[in-house]
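# Chain and residue survey
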Amino acid sequence: MKQRVITGFIAGTGFILCCILGEPWYNGLMILLSLVGYYEFIRMNGLKPWNITPLLGFLGVLYFVFPWSKFPLSDINPSMFIWLMLFLFLTATVITKNKIDIDKAANMLLGVLYIGIGFQYMIETRSAPDGNGLFWSLLLFAAIWSSDAGAYFTGKLFGKTKLWPDISPNKTVEGAIGGIIVAAAVSALFVLFAPELLSIGRAIWIGLAASVIGQIGDLIQSAYKRVRGVKDTGSILPGHGGILDRVDSWLIVFPFIHLLSLLPYQ
């Protein structure tokens, strides 16, 4: 626990600092985290990250997270780029004579979309066109983190009913409800800092959505790790595991909040 707290404090302080500084610090950090996350994803799937086909996946992730506005690649339609990645991964099954089979090809494409699009929306939120990207980013991260903390402590104190034992045996229904309530309350507090940007109703909706979807994101990662037979996605963060262990909720929450158009500037 001591190691976990120390790592969390150092990593959290560095992350918040980069978020406050904005570009290029925040974008650079997001790009780095996305590439490390894809590396962990490839390793979990039993692939050597530096072979030519996985390298295509790294390029795919970069397409989504790198600020390409000044480069020709920005002119490629996203749906066409996804199709191109699909074509290249499927072609690899032929060229490698099924050493890269259809399952591995599908997993590599899944990783590109899961990680690339998730981090893309984290960057887009920080670069919000209304100039309040720091506020919106901190709001979403606070909702996610408070949901995690609320679920953990509520589960410890009152948890009796298992939420989904086949996937994550330690999570409880009581903990999940506690996380939702805490996230909604913390999100509502943000109205005090910028009432001109955020109404109490919208703040609560953001907190509820971030908590529910964030917990689903956590369960998604737990389900995947259970299939692969691993406890953590990596070991880069002592006491916490890998990057994907820490950002599993983020990857789902940020795109989903944009999908629902819950941020006022959308």
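In the block above lies the structure referred to throughout.
These lines cover the structure that appears in this document, whether it is placed above or below. (Residues numbered from 1 in each chain as written. Predicted model: local features only at pLDDT ≥ 70, side-chain atom pairs only at ≥ 80, totals over all residues. Heavy atoms only, no water.)

## A few points about the environment of Ile-144
The residue Ile-144 is located in helix 6 (residues 133-158) in this model. Taking C-alpha positions, Ile-144 is 9.9 Å from Val-182, a pair spaced 38 residues apart along the chain. Not counting residues within four places of it along the chain, the set of residues in contact with Ile-144 comprises Ser-249, Trp-250, Val-253 and Phe-254. (Helix = DSSP H or I, 4+ residues; strand = E, 2+ residues; numbered from the N terminus. Contact = heavy atoms within 4.5 Å.)

## Describing unusual backbone geometry
Across the junction of Glu-23 and Pro-24, the peptide omega takes the value -5°, indicating a cis bond. Here Pro-24 shows up in the loop between helix 1 (2-21) and helix 2 (25-44). Positioned with a positive phi, Asn-98 is a non-glycine residue whose angle comes to about 70°. Structurally, the position occupied by Asn-98 is in the loop between helix 4 (78-95) and helix 5 (102-126).

## Considering the packing of helix 8 (residues 200-228) against helix 9 (residues 243-259)
Relative orientation of the contacting elements helix 8 and helix 9 amounts to 135°, with a least axis distance of 8 Å. In terms of orientation, helix 8 lies oblique with respect to helix 9. The handedness of the crossing between helix 8 and helix 9 comes out as right-handed. Note on element contacts: helix 9 touches helix 8 through Leu-244, Asp-245, Asp-248, Ser-249, Ile-252, Val-253, Phe-256 and Ile-257, opposite Ile-206, Ala-209, Ala-210, Ile-213, Gly-214, Gly-217, Asp-218, Ile-220, Gln-221 and Lys-225. The residue inventory of the contact of helix 8 with helix 9, partitioned by class, reads 10 nonpolar, 4 polar and 4 charged. (Axes fitted to C-alpha atoms, helices over the stretch in contact; angles between N-to-C directions. Parallel < 35°, antiparallel > 145°, perpendicular 65-115°, else oblique. Left-handed = near helix turned anticlockwise from the far one by under 90°. Nonpolar A, V, L, I, M, F, W, Y, C, P; charged D, E, K, R; others polar.)

## Observations concerning the pattern of salt bridges
Across all of its chains, the model carries 3 salt bridges by this definition. A salt bridge links Asp-218 to Lys-171; the shortest N-O distance between them is 3.2 Å. Here the residue Asp-218 occupies a position in helix 8, and Lys-171 occupies one in strand 2 (residues 168-172), the gap between them amounting to 47 residues. Given a relative accessible area of 26%, Lys-171 falls into the partly exposed group. Close ionic contact of Asp-232 with Lys-231 constitutes a salt bridge, the shortest N to O distance being 4.0 Å. Note on Asp-232: relative accessible area 30%, which makes it partly exposed. A relative accessible area of 69% means that Lys-231 is categorised as exposed. (Salt bridge = Lys/Arg side-chain N within 4 Å of Asp/Glu carboxyl O. Buried < 20%, exposed > 50% of the residue type's maximum accessible area, 1.4 Å probe, protein only.)

## Some points on the packing of aromatic side chains
We describe a pair of aromatic rings using the distance from one ring centre to the other and the angle between the two ring planes. Tallied over the entire structure, the rule returns 22 aromatic pairs. With 6.4 Å between their ring centres and 15° between their planes, Tyr-38 and Phe-41 make a pair best called stacked. Placement of both Tyr-38 and Phe-41 in helix 2 is noted, with a separation of 3 residues, approximately one turn of the helix. For the pair shown, Tyr-38 and Phe-41 are each scored as buried. When the centroid spacing of 6.1 Å and the interplanar angle of 70° are considered together, the rings of Phe-190 and Phe-193 count as edge-to-face. Of this pair, Phe-190 and Phe-193 are both found in helix 7 (residues 173-193), 3 residues apart, which corresponds to roughly one turn of the helix. Phe-193 gets classed as exposed once you look at its relative accessible area, which sits at 66%. Taken together, the ring pairs in this structure connect Phe-15, Tyr-26, Phe-141, Trp-145, Trp-250 and Phe-254 into an aromatic cluster. (Phe/Tyr/Trp six-rings, centres within 6.5 Å; stacked < 30°, edge-to-face > 60°.)

## As for helix 3 (residues 52-65)
Taking 1.5 Å of rise per residue, the 14 residues of helix 3 would be expected to cover 20 Å, and the 20 Å separating its terminal C-alpha atoms lies within 8% of that figure. Buried residues of helix 3: Thr-53, Pro-54, Gly-57, Phe-58, Gly-60, Val-61, Tyr-63, Phe-64 and Val-65, and no others. On its buried side, helix 3 packs onto helix 2, helix 4 and helix 5. (Expected span 1.5 Å × (residues − 1).)

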